[in-house]
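This is what each chain is made of:
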Amino acid sequence: MPTPLDPIVSEFATVEEAEAYDQWFRAKIQAARDNPGPLIPHDEAMSRIRKKLQARIREQEKLRK
């Protein structure tokens, strides 16, 4: 039976959900560390993300019209 967590303490409903997320997250971090590709400076990465977000915002605005 899953072990419930207090919603005030955790965003997950059960210990098992929290552990599964932690395992997934750690695997993503390890995969990024193991990636042999070139490093991207923080400012460049943030610029790329901002452009993608702005494009999505424009798409959403077009859908609302």
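All values derive from a computational prediction rather than experimental measurement. (Residues numbered from 1 in each chain as written. Predicted model: local features only at pLDDT ≥ 70, side-chain atom pairs only at ≥ 80, totals over all residues. Heavy atoms only, no water.)

**Quick notes on the packing of aromatic side chains**
By the definition in use, this model includes three aromatic pairs. On the numbers, 5.3 Å between centres and 35° between planes, the contact of Phe-12 with Tyr-21 is tilted. Residue Tyr-21 is classed as partly exposed on the basis of its relative accessible area of 39%. Ring centres 6.0 Å apart and planes at 20° place the aromatic pair Tyr-21 and Phe-25 in the stacked group. Placement of the pair is Tyr-21 and Phe-25 together in helix H1 (residues 15–34), with a separation of four residues, close to one helical turn. Taking the relative accessible area as the measure of exposure, Phe-25 reaches 39% and is therefore partly exposed. Grouping aromatic residues by their ring pairs yields a cluster made of Phe-12, Tyr-21, Trp-24 and Phe-25. (Phe/Tyr/Trp six-rings, centres within 6.5 Å; stacked < 30°, edge-to-face > 60°. Buried < 20%, exposed > 50% of the residue type's maximum accessible area, 1.4 Å probe, protein only. Helix = DSSP H or I, 4+ residues; strand = E, 2+ residues; numbered from the N terminus.)

**With respect to the UniProt feature "domain: Stability determinant" (unreviewed entry) in the protein**
Within the UniProt annotation, "domain: Stability determinant" (unreviewed entry) is assigned to residues 16–46. Here residues 16–46 is 77% helix and 0% strand, with 33 Å between the C-alpha atoms at its ends. (UniProt positions renumbered as here; feature names shortened; annotations may be inferred.)

**Focus on the pattern of salt bridges**
Side chains that carry opposite charge are capable of pairing whenever their charged atoms lie near each other. According to the stated counting rule, one finds two salt bridges in the structure shown. The shortest N-O distance in the salt bridge between Arg-26 and Asp-22 comes to 2.8 Å. Remark: Asp-22 and Arg-26 occur in helix H1; sequence separation between them is four residues, near one turn of the helix. Since its relative accessible area comes to 57%, Arg-26 is described here as exposed. Notably, a salt bridge pairs Glu-44 with Arg-48, separated by 2.6 Å at the nearest N-O pair. Taken together, the residues span about one helical turn, with Glu-44 and Arg-48 both in helix H2 (residues 42–64) at a distance of four residues. (Salt bridge = Lys/Arg side-chain N within 4 Å of Asp/Glu carboxyl O.)

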